[in-house]
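Structural description and commentary
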There are 2 protein chains.
Amino acid sequence: MNTIVQKYGGTSMGTIARIQNVAKRIIAKKEQGNRMVVVVSAMGKSTDHLVEMAYAVNEKPPKREMDMLLATGEQVSISMLSMALDEMGYKAISFTGPQVGIKTEGLHGRARIMDVDKTKIVEALDEDKIVIVAGFQGVNENDDITTLGRGGSDTSAVALSVVLGCPCEIYTDVDGIYGVDPRLYPPAKKLDVVSYDEMLEMASLGAGVMNPRAIELGRKYNADILVASSINKVPGTLITSNIDQQAKDITGLAVYDDEMMVSIKDVPYRSDVAAQLFADLAEAGINVDMISQTKPINDKMHISFSLSTEDRDLLGKVLPAFQAEYEGTEVTIRDDTVKLSVVGSGMKLHSGVASRFFALLCEQQFPILMVTTSDIRISCMIPKEAKERVVMAVADGFEL
Amino acid sequence: MNTIVQKYGGTSMGTIARIQNVAKRIIAKKEQGNRMVVVVSAMGKSTDHLVEMAYAVNEKPPKREMDMLLATGEQVSISMLSMALDEMGYKAISFTGPQVGIKTEGLHGRARIMDVDKTKIVEALDEDKIVIVAGFQGVNENDDITTLGRGGSDTSAVALSVVLGCPCEIYTDVDGIYGVDPRLYPPAKKLDVVSYDEMLEMASLGAGVMNPRAIELGRKYNADILVASSINKVPGTLITSNIDQQAKDITGLAVYDDEMMVSIKDVPYRSDVAAQLFADLAEAGINVDMISQTKPINDKMHISFSLSTEDRDLLGKVLPAFQAEYEGTEVTIRDDTVKLSVVGSGMKLHSGVASRFFALLCEQQFPILMVTTSDIRISCMIPKEAKERVVMAVADGFEL
């Protein structure tokens, strides 16, 4: 018999009726002869409600206690789903993250899964039970309850599928992965298949849906992940490494709104100066994303870099000191920018993708402020005001 | 430094403001130089809400899953209280029942505490932390979460005080233990002190407030328990074995409404007949409480016994067969009865308590249907219609 790991998110578990619907979906797969392991998130908005309660007693809730509190959300879900399955005549058993030995390390609120002990799960499957596991949570070396951060239930599901050596199905309130966010580009098409690398590039670019750690884990262990709707009966998107070599030029387009840009003019053209600048930025806790440097003129160069707007205040720790040390440099900070990226494994195979991309941008007549690339991605900073028409042009041009 | 275990019930934890009030009370004791361990129940009506949710998906929720669900209530409380203490500038750490090794055995929903591992608690106290422990819950030998049944947080608190060898303070929404339920007898007085034995007799008679298992545990290990108000600053009631030898004649009066009575006339006067009757009743699952037997007339006797009205339907398994076997017997079932009991260690010391009690009853002119006694208790079945005036007469007569 095949084992399947399914994951249902908070929206799918939001009401009694939806929980019953999830139970029916699980039973349908079980009746096809599968051994079922199901990971669930907290019901609907219950996590938000718990967070609100926490902030009502403490402006800065201690993270360990926050994890203790939030973990109850999934514990409610697993028992409710297990009861619903029992009512429908199926044996089910629920487990918290700690109970199935989901061992984590790292900070409370964003712990990382290190190990999963499958013993209890396999025992229960052998007893013909449907196994329900709390997503989003684990236990650290002190026996403290931890949570995995936003989207952590995806990671729980993928980790279980890796340990059990079986497929993973992530059910959510969207129909799958789209090449472009349909809110930005309404005619956006759903992807049938996407590679881990593409998915990771898109996830790290802020294209929601799947937790990057879940994808990394899937890629590392070569575990296929299906992302599909928990409501509609349409095929979803398969995230896999076995991607068709006839891949499209561009698979997806992502826009990241919260990125700003710093340009420094007339920096002395010496490698130690740039090195020091980026060392200072790193030390201040700033995550630099894109970097560009012009060729020197009169032994002076221009350096630009981008960073998340979240880190804006940290710049004050670095730039004034830098300018004091290197007189004559001139700093410009722009936050009227967005980062637009196109991603596609096809770039590795097909030539001319970049030139088509830049030709499309060029038609829109606006300055491209910075560019970086990887082997499957081209990103550029553009003025915020150009965002909508550029997204349209690129999505139309590459038929996303 | 002294260690104190405190317990706060659901009403005391019902709102953010009440949680903050509990935090302040804990801090006040800590500032007096005590090491504080605090057991809490689920917030307000949250357990009722969870039970409602369970029954919405399953008419007969599996008990293991019910425990999984209900345990979240206390987990929310402990993290909230811990956060409130942190906000007030005090180090606190919360633990679930399983995390502090509250090992239980027995059925889900009414497990019994077998052992508590104090290691983590003592470690945290040594780090000057206030330790918050989830009441009502533990873990069984399968690593499953269990709950202790109604009033189980009292038992958790007493168990911790036993393991830590320190006093136990149970804070609740009443001012202490009353000799009579003030709803039955408004001028009822609060007791300053009561013995375990008296408390156990009263608890088993249905006089609420404290869980009988908690009292048994306290008695077994000789741990004093203070029951007091979480709101009013009045002294509570101390449950102890070191009771003043000048004890009152009667400490408390309890009425149990849900007890009914069966009388069988003209039973052959042979010891094996009574033996068989009570064996059959036990086999049917009926808990017989009081028993009386008349002296034989013409080799026939009358047997009466009382049972909880909950077991009423089980009588049909026993009585018809009994009557078929012993022709000429006549069965009368009365459920217009209540059981009234007076309890007091003073009975062992002072003579004449029973005669004063029966004299008081006699003045009220009603039939006493059955009587049983222990060394510190007298119970009698009386007609329901006499209940109010008998309670008044006895409570007045013994100044309860």
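Everything quoted here is computed from the prediction, not taken from an experiment. (Residues numbered from 1 in each chain as written. Chains lettered and ligands numbered in written order. Predicted model: local features only at pLDDT ≥ 70, side-chain atom pairs only at ≥ 80, totals over all residues. Heavy atoms only, no water.)

**Some thoughts on the overall build of chain A**
Condition: The helix count covers DSSP runs of H or I at least four residues long, the strand count covers runs of E at least two residues long, and both are numbered beginning at the N terminus. It only takes one pair of heavy atoms within 4.5 Å for two residues to be counted as in contact. Here, Shrake-Rupley sampling with a 1.4 Å probe gives the accessible areas, and only protein chains in the shown set may cover a residue. Positive residues here are Lys and Arg, negative ones are Asp and Glu, while His and the chain termini are left out of the count. Lysine's charge is taken at NZ, arginine's at CZ, aspartate's at CG and glutamate's at CD.
When helices and strands are tallied, chain A shows 12 helices and 20 strands. Once the C-alpha set of chain A is aligned to its principal axes, its extents read approximately 80 × 50 × 35 Å. Taking the contacts inside chain A whose residues are at least 6 apart along the sequence as the reference set, 74% of them involve residues at least 24 apart. Per element, the accessible surface of chain A, about 17,700 Å² overall, is 49% carbon and sulfur. Charged side chains in chain A number 41 positive and 55 negative. The centres of these two groups are separated by 3 Å.

**Considerations on the sheet that holds strand 12 (residues 237–240) of chain A**
Residue and element names in this part refer to chain A. Defined as follows: Strand pairing follows a simple DSSP-based rule, namely that at least 2 bridges must link the two strands. Angles here are taken between N-to-C directions and fall from 0 to 180 degrees, while the axes themselves are lines fitted to C-alpha atoms, restricted in helices to the stretch in contact.
Taken in spatial order, the 8 strands of this open sheet run 3-6-2-1-9-11-12-10, and their pairing is mixed. At either end of the open sheet lies a strand with only one pairing partner, and these are strand 3 (92–95) and strand 10 (193–195). Within the sheet, the average angular offset between the axes of one strand and its neighbour, ignoring direction, is 20°. In this sheet, strand 9 (residues 168–172) lies alongside strand 1 (residues 3–8) in parallel orientation, the contact comprising 4 bridges. When the bridges of strand 9 are listed, Gln6 appears paired with Glu169. In this fold helix 5 (residues 152–164) packs onto strand 1, strand 2 (35–40), strand 6 (130–134), strand 9 and strand 11 (225–229), with an angle of close to 175° to the strand it touches most, strand 1.

**Describing the interface of chain B and chain A**
When the parts of a complex come together, some accessible area is lost, and that lost area is often taken as the interface size. Stated precisely, the cut-off is as follows: A simple way to read buried area is as the amount of 1.4 Å-probe accessible surface that goes missing from two parts once joined, with both sides added. We define a salt bridge as a contact between a side-chain nitrogen of Lys or Arg and a carboxyl oxygen of Asp or Glu at a distance within 4 Å. The definition of a polar contact used here is a pair of N or O atoms within 3.5 Å, where within protein one atom must be able to donate a hydrogen and the other to accept one, and adjacent residues in sequence count solely through side-chain atom pairs. Put simply, Ala, Val, Leu, Ile, Met, Phe, Trp, Tyr, Cys and Pro go in the nonpolar bin, Asp, Glu, Lys and Arg in the charged bin, and everything else, Gly too, in the polar bin.
Each partner contributes residues to the interface: chain B has 41 residues there, and chain A has 41 residues. Counting the surface lost from both chain B and chain A, the interface buries some 3,200 Å², and carbon and sulfur atoms represent 60% of this. Summed over the shared surface of chain B and chain A, the number is 0 salt bridges. Put simply, chain B and chain A have 18 residue pairs in polar contact (both at pLDDT 80 or more) between them. For the side of chain B that touches chain A, the secondary-structure elements that each account for two or more residues are helix 1 (16–31), helix 2 (46–57), helix 3 (63–87) and strand 3 (92–95) of chain B. The greatest single-element share of the side of chain B that touches chain A, amounting to 17 residues, is contributed by helix 3 of chain B. Tallied by class, residues from the side of chain B that touches chain A come to 22 nonpolar, 10 polar and 9 charged.

**Concerning the UniProt feature "binding site: substrate" (unreviewed entry) in chain A**
Residues and elements named next belong to chain A. Quick note on the threshold: UniProt positions are given in the numbering used here, feature names are shortened, and annotations may be inferred rather than shown by experiment. Exposure is judged per residue with a 1.4 Å probe applied to protein chains only, and the accessible area is read against the type maximum: over 50% gives exposed, under 20% gives buried, and values in between give partly exposed.
Under the UniProt annotation, "binding site: substrate" (unreviewed entry) lies at Thr47 and Glu74. In summary, the annotated positions, though distributed over 28 residues, converge in three dimensions, the widest C-alpha pair being only 8.8 Å. Structurally, Thr47 can be placed in helix 2 (residues 46–57). Mapped onto the fold, Glu74 is located in helix 3 (residues 63–87). Overall, Glu74 belongs to the buried group, its relative accessible area being 2%. Apart from the residues lying within four places of it in its own chain, the contact partners of Glu74 are Val40, Ser41, Ala42, Thr47, Ala134, Gly135, Phe136 and Gln137.

**Describing unusual backbone geometry**
Residues and elements named next belong to chain A. Of note in this structure, Asn222 is not a glycine but carries a positive phi near 60°. Note that Asn222 resides in the loop between helix 7 (212–221) and strand 11. In this structure Asn222 comes out as partly exposed when scored by relative accessible area, which is 49%. Positive phi, normally seen in glycine, also occurs at Asp299, with a value near 60°. Here Asp299 is to be found in the loop between strand 15 (288–293) and strand 16 (300–308).

**Quick look at the UniProt feature "binding site: ATP" (unreviewed entry) in chain A**
Residue and element names in this part refer to chain A. Sites flagged by UniProt as "binding site: ATP" (unreviewed entry) map to Lys7, Tyr8, Gly9, Gly10, Thr172, Asp173, Tyr178 and Arg183. In summary, the annotated positions, distributed over 177 residues, remain apart in three dimensions as well, the widest C-alpha pair reaching 24.6 Å. Tracing the chain through its elements places Thr172 in strand 9. The residues contacting Thr172, other than those within four sequence positions of it, are Val227, Ala228, Ser229 and Ser230. Polar contacts involving the side chain of Thr172 include one to the side chain of Asp173, which spans 3.1 Å. Mapped onto the elements, Arg183 comes out in the loop between strand 9 and strand 10.

**Focus on the relation of the copies chain B and chain A**
Cut-off, in case you're wondering: Copy-to-copy alignment: least squares on C-alpha atoms, limited to residues at pLDDT 70 or above in both.
When chain B is fitted to chain A, the best match, at an RMSD of 0.2 Å, comes from turning it 180° and sliding it 0.0 Å along the axis. The relationship between the two copies is best expressed as a two-fold rotation axis. Taking the C-alpha atom as reference, chain B places B:Thr72 closest to the rotation axis, 2.5 Å from it. Both copies present the same face, since 100% of the interface residues in chain B are matched by interface residues at the equivalent positions in chain A.

**Examining the environment of B:Pro367**
Residue and element names in this part refer to chain B. Along the chain, Pro367 falls in the loop between helix 11 (353–363) and strand 19 (370–374). Relative accessible area serves as the criterion here: at 46%, Pro367 is assigned to the partly exposed category. Remark: the alpha-carbon pair of Pro367 and Met381, spanning 14 residues in sequence, is separated by 9.0 Å. Beyond its immediate stretch of four places on either side in the chain, Pro367 contacts Met381, Ile382 and Pro383.

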